[in-house]
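Below, each chain spelled out in residue letters.
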Amino acid sequence: MTNTGNNRSVNHVGRGAWRRAAVVAASLVVGLPALTVALLALDGREITSRGVLTIFLFAFLLAAFGAAATLLAGHRPGDPQAAPTSDRTVRQALRAGHADDPRIDSLARREAEHRIGGRWVLWLLGVGVLLEALLVVSASRPSTRVIAVALGVFWAAQGYLRWRDLRDARRYLAGDRVARG
């Protein structure tokens, strides 16, 4: 017999992920084709209306595939036998540096070790920012500069978030060692 409170909690977490995936998918389908046509106009290229329609439809097709992938990735049904822990409680434990519940402590320790193992991603994101900065300086077309700035900001934001997660993971594991030792 399962506890209905646990099922509601797990299903609620799943619905939140589904809503976020749906928002991202809708943004892709609407934003990517519009952005593509806007960048063509910014470049000042002379393209016939038929060419603009072809480019718009191609971008729409790519966005539809991206939206489908996003929706599939965001739709993870909850395990009804799972305990009602969410990613939010693990993140809160990592930020606080400790967890009182042994189950959450175990999950937070595992997540912290996983984050520490992925610290090489910071270097990759830094290289991405540098390459985009070089492209901003050397690009001749305005649309190339706009895309390079947008991607540079994206890589930098991802780097900051990854660095913050890594800092929290190190602090959690250091506090865990002090408590055990």
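Residues numbered from 1 in each chain as written. Predicted model: local features only at pLDDT ≥ 70, side-chain atom pairs only at ≥ 80, totals over all residues. Heavy atoms only, no water.

### Details of the overall build of the protein
Heads up, the condition is: What counts as a helix is a DSSP run of H or I of at least four residues, what counts as a strand is a run of E of at least two, and both are numbered from the N terminus. With a 1.4 Å probe rolled over the protein chains alone, any residue whose accessible area is under 20% of its type maximum counts as buried; one over 50% counts as exposed, and the rest are partly exposed. Contacts are assigned to residue pairs with any non-hydrogen atoms lying within 4.5 Å of each other. Accessibility throughout is a Shrake-Rupley quantity obtained with a 1.4 Å probe, and a residue counts as covered only by protein chains that appear here.
Of the regular secondary structure elements, the protein holds 6 helices and 0 strands. Counting over 181 residues, the protein shows a buried share of 23%. Across the protein, contacts joining residues at least 24 apart in sequence account for 71% of those joining residues at least 6 apart. With an accessible surface of roughly 12600 Å², the protein has 64% of that area assigned to carbon and sulfur atoms.

### With respect to the nonpolar core
What counts, and what does not: Throughout this description, the term nonpolar core refers to a set of buried Ala, Val, Leu, Ile, Met, Phe, Trp, Tyr and Cys residues connected via side-chain atoms within 4.5 Å.
Among the nonpolar cores identified, the biggest contains 11 residues, and these are Val-90, Ala-93, Leu-94, Ile-104, Ala-108, Ala-112, Ile-116, Leu-166, Ala-169, Tyr-172 and Leu-173. For this core, the secondary-structure elements that each account for two or more residues are α3 (87–96), α4 (102–117) and α6 (142–180). With residues near it in sequence (within four places) discarded, Ala-169 still touches Leu-94, Ala-112, Arg-115 and Ile-116.

### Some details on the packing of α3 against α4
To keep things clear, this is the line we draw: The convention used is that axes are lines fitted to C-alpha atoms, helices contributing only their stretch in contact, and that angles between N-to-C directions extend from 0 to 180 degrees. Oblique is the label for any angle not covered by the other classes, which are roughly parallel (under 35 degrees), roughly antiparallel (over 145) and roughly perpendicular (65 to 115).
Remark: α3 packs on α4, axes separated minimally by 9 Å, with the N-to-C direction vectors making an angle of 75°. Here α4 runs roughly perpendicular to α3, going by the angle between their axes. From α3, Thr-89, Val-90, Arg-91, Ala-93 and Leu-94 reach across to α4, where they touch Ile-104, Leu-107, Ala-108, Glu-111, Ala-112 and Arg-115.

### Some remarks on the environment of Ala-150
Within the secondary structure, Ala-150 sits in helix α6. Overall, Ala-150 belongs to the partly exposed group, its relative accessible area being 46%.

### Quick notes on the confidence of the model for the protein
Heads up, the rule is: A score from 0 to 100, pLDDT tells how confident the predictor is in each residue.
Model confidence for the protein is summarised by a mean pLDDT of 76, while 77% of its residues fall at 70 or above. Mean pLDDT across the secondary structure elements of the protein bottoms out at helix α1 (residues 4–43), with 66, and peaks at helix α5 (residues 120–138), with 88. Every residue in residues 1–13 scores below 50 in pLDDT, and together they form 11 contacts with partners more than four places removed in sequence or on other chains. For residues 78–84, every residue scores under 50 in pLDDT, and the model assigns this stretch 10 contacts once sequence neighbours within four places are set aside.

### So, the pattern of salt bridges
Formally: A side-chain nitrogen of Lys or Arg and a carboxyl oxygen of Asp or Glu constitute a salt bridge if their distance falls within 4 Å.
In this structure the tally under the stated criterion is 7 salt bridges. Put simply, Arg-103 and Asp-101 hold a salt bridge, and the shortest N to O gap is 3.2 Å. Under the relative-accessibility criterion, Arg-103 is labelled partly exposed at 38%. Taken together, the salt bridges that share partners define one network made up of Arg-95, Arg-167, Asp-168 and Arg-171.

### A closer look at the environment of Ile-116
Within the secondary structure, Ile-116 sits in helix α4. With a relative accessible area of 18%, Ile-116 lands in the buried category. Sequence spacing of Ile-116 and Leu-166 is 50 residues, and the spatial spacing of their C-alpha atoms is 6.1 Å. Ignoring sequence-local partners within four residues, the contact set of Ile-116 consists of Leu-166, Ala-169, Arg-170 and Leu-173.

### Things to note about the packing of aromatic side chains
Aromatic rings considered in pairs are described by the distance between their centres and by the relative angle of their planes. Cut-off, in case you're wondering: For this analysis, a ring pair means two rings from Phe, Tyr or Trp (six-membered ring only for Trp) whose centres lie within 6.5 Å, classed as stacked if their planes differ by under 30 degrees, edge-to-face if by over 60, and tilted for the remaining angles.
Under the criterion given, the structure shown has 2 aromatic pairs. Consider the rings of Tyr-160 and Trp-163, whose centres lie 6.0 Å apart with planes at 35°: the pair is tilted. Of the two residues, Tyr-160 and Trp-163 are both situated in helix α6; the distance of 3 residues between them amounts to about one turn of the helix. The exposure class of Tyr-160 is partly exposed, given its relative accessible area of 45%.

### Brief notes about the side chain of Arg-115
In this fold, Arg-115 is placed in helix α4. Look at Arg-115 and you get buried, because its relative accessible area is 14%. If near-sequence neighbours (up to four positions away) are discounted, Arg-115 is found in contact with Arg-91, Leu-94, Asp-165, Leu-166, Asp-168 and Ala-169.

### Here we look at the environment of Gly-97
Tracing the chain through its elements places Gly-97 in the loop between α3 and α4. Counting along the chain gives 76 residues from Gly-97 to Leu-173, while the straight-line C-alpha distance between them is 8.0 Å.

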